[in-house]
Amino acid sequence: RMLAPRLAFVAGLLAQRDGREQAALAGLYRDLVAPALAELPTEVTHLLVVPDGELWSLPFGALPEAPGATPLVARYSLTLLPSIASWLRWGRDPPAPVPGLLALAQPVGDGAAAPWREGTLATGLRLGALPRAGEEVEAITRRWGHGSSQVAVGDGASERFLKGADLSRYGLLHFATHAVVDPQHPERSAVVLAAGDRAEDGLLQ
């Protein structure tokens with residue numbers, strides 16, 4: 001209970017990305033890990049960290065011995081493991097329903113695309129084939145569960161299809177497609193799909 005406000009404070013400082021979090025992180029290092037590390041043999045290089053409750057929000061690897069000092073992750077490899085209390089709590093909770101998966105793969109350029117499609121893509125840019133994209137989404141849906149999955153491949157992997165889909169049914173969208181990035185005009189960057197009709201260019205932005 002006493003730790004929660006400190007962790008929330010550190011999270012706020014980390015979000016600012018201005019270095020002011022160093023003193024707070026060093027204080028957490030002193031209170032949480034320094035006593036245990038002092039007892040370790042010098043040959044230990046791998047730490048198993050078992051946080052619980054609010055401690056899952058703490059980036060243990062970023063903790064420095066002093067402000068500006070080398071962080072913990074530079075001195076040890078870290079593995080985070082759930083506590084026994086977490087395992088017991090998860091065992092009591094009913095399993096969460098598996099959210100739906102919508103996967104789009106291997107879209108094809110089609111004549112239905114709006115005429116400005118090629119003008120948006122960089123001059124001379126040629127997008128290669130994605131011969132394994134179909135296998136990729138098939139493997140993913142096999143693991144995810146076909147009952148909660150929908151796959152659109154080729155002509156079906158279109159911007160028109162995606163915009164018309166009821167996305168509230170899905171917890172995950174997977175794109176096995178190309179993407180284009182325009183650093184000069186970031187608003188033109190896009191995931192490349194088939195178009196689906198003349199009102200779309202197949203560039204999902």
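Only a predicted model underlies this, so the values are computations on that prediction, with no experimental measurement involved. All chains use their own residue numbering, which begins from 1 and follows the written sequence. Whole-chain, interface and lining totals are the exception, using all residues; otherwise, since this is a predicted model, local features are given only for residues with pLDDT of at least 70 and side-chain atom pairs are given and counted only at 80 or more. Heavy atoms throughout the structure, all of them, feed into the side-chain values; hydrogens and water do not.

Draft legend 1. Quick peek at a nonpolar patch on the surface. Residues Ile 84, Trp 87, Leu 88 and Trp 90 make up a contiguous nonpolar surface patch of roughly 510 Å² in combined accessible area. As for its placement among the helices and strands, Trp 87 is situated in helix α4 (residues 84–92). Relative accessible area decides the class of each residue, using a 1.4 Å probe on protein chains only: under 20% of the type maximum gives buried, over 50% gives exposed, and in between gives partly exposed. Overall, the relative accessible area of 53% leaves Trp 87 in the exposed class. Candidate patch residues must exceed 30% relative accessible area and have no salt bridge, after which like charges are joined if within 9 Å and Val, Leu, Ile, Met, Phe, Trp or Tyr side chains if within 5 Å. Areas reported here follow the Shrake-Rupley algorithm with a probe of radius 1.4 Å; residue values treat only the protein chains shown as occluding. What counts as a salt bridge is simple: a side-chain nitrogen of Lys or Arg found within 4 Å of a carboxyl oxygen of Asp or Glu. Here a helix means four or more residues in a row that DSSP labels H or I, a strand means two or more in a row labelled E, and each is numbered from the N terminus.

Draft legend 2. Geometry of the sheet that holds strand β5 (residues 170–176). Across the sheet, three strands lie side by side as β4-β3-β5; this open sheet has parallel pairing. Lying at the two open borders of the sheet, with one neighbouring strand each, are β4 (149–153) and β5. Put simply, the sheet's adjacent strands are angled 15° from each other on average, direction ignored. With five bridges joining them, strand β3 (residues 100–105) and β4 adopt parallel strand pairing. Bridge assignment links Leu 102 to a residue of β4, and that residue is Gln 150. Contacts are assigned to residue pairs that have any heavy atoms within 4.5 Å of one another. Helix axes are fitted only over the stretch in contact, all axes being lines through C-alpha atoms; the angle between N-to-C directions runs from 0 to 180 degrees. Contacting β3, β4 and β5, helix α6 (residues 133–144) crosses the sheet at an angle of about 170° to β3. Note: two strands are recorded as paired if DSSP finds a minimum of 2 bridges between them.

Draft legend 3. Looking closely at the sheet that holds strand β6 (residues 179–180). Spatially, β6-β7-β8 is the arrangement adopted by the three strands of the open sheet, whose pairing is antiparallel. This sheet does not close on itself; its edge strands, each paired only once, are β6 and β8 (203–204). Examined bridge by bridge, β6 and strand β7 (residues 190–192) share two bridges and lie antiparallel to one another. When the bridges of β7 are listed, Val 180 appears paired with Ala 190.

Draft legend 4. View of the side chain of Ser 158. Tracing the sequence through the fold places Ser 158 in the loop between β4 and α7 (159–164). The class of Ser 158 is buried, set by a relative accessible area of 5%. A polar contact of 2.9 Å, which involves the side chain of Ser 158, links it to the backbone nitrogen of Phe 161. In contact with Ser 158, not counting residues within four places along its chain, are Leu 104, Leu 193, Ala 194, Ala 195 and Gly 196. For the purposes of these results, a polar contact is taken to be a pair of N or O atoms within 3.5 Å, where, inside protein, one atom must be able to donate a hydrogen and its partner to accept one; residues adjacent in sequence count only when each atom of the pair is a side-chain atom.

Draft legend 5. Structural context of helix α1 (residues 3–16). One less than the residue count of a helix, multiplied by 1.5 Å, gives the span that helix is expected to have. Between the first and last C-alpha of α1 there are 21 Å, a value that for 14 residues agrees with the 20 Å anticipated at 1.5 Å per step. Along α1, the residues classified as buried are Leu 7, Val 10 and Leu 13. Buried residues in α1, looked at end-on, bunch into an arc of 120°, giving them a common side. Away from the buried face of α1 by more than 90 degrees, exposed residues Pro 5, Phe 9 and Ala 15 are located. Where the residues of α1 are buried, they touch α2 (21–38). With its phi angle positive at about 55°, Arg 17 sits one or two positions after the end of α1. Directions pointing from the helix axis toward each C-beta atom define the arc.

Draft legend 6. Molecular detail of the pattern of salt bridges. Taken as a whole and assessed by the stated rule, the structure comprises 10 salt bridges. For Asp 18, the salt bridge is made with Arg 20, and the minimal N-O distance between the two is 2.8 Å. Residue Arg 160 pairs with Asp 197 through a salt bridge whose shortest N-O separation is 3.1 Å. Of the two residues, Arg 160 sits in helix α7 while Asp 197 sits in the loop between β7 and β8, which places them 37 residues apart along the sequence. Overall, Arg 160 belongs to the partly exposed group, its relative accessible area being 33%. Exposure remark for Asp 197: the relative accessible area of 25% places this residue in the partly exposed category. Among the ionic contacts, a cluster of salt bridges with common partners joins Glu 159, Arg 160, Lys 163, Asp 197 and Glu 200.

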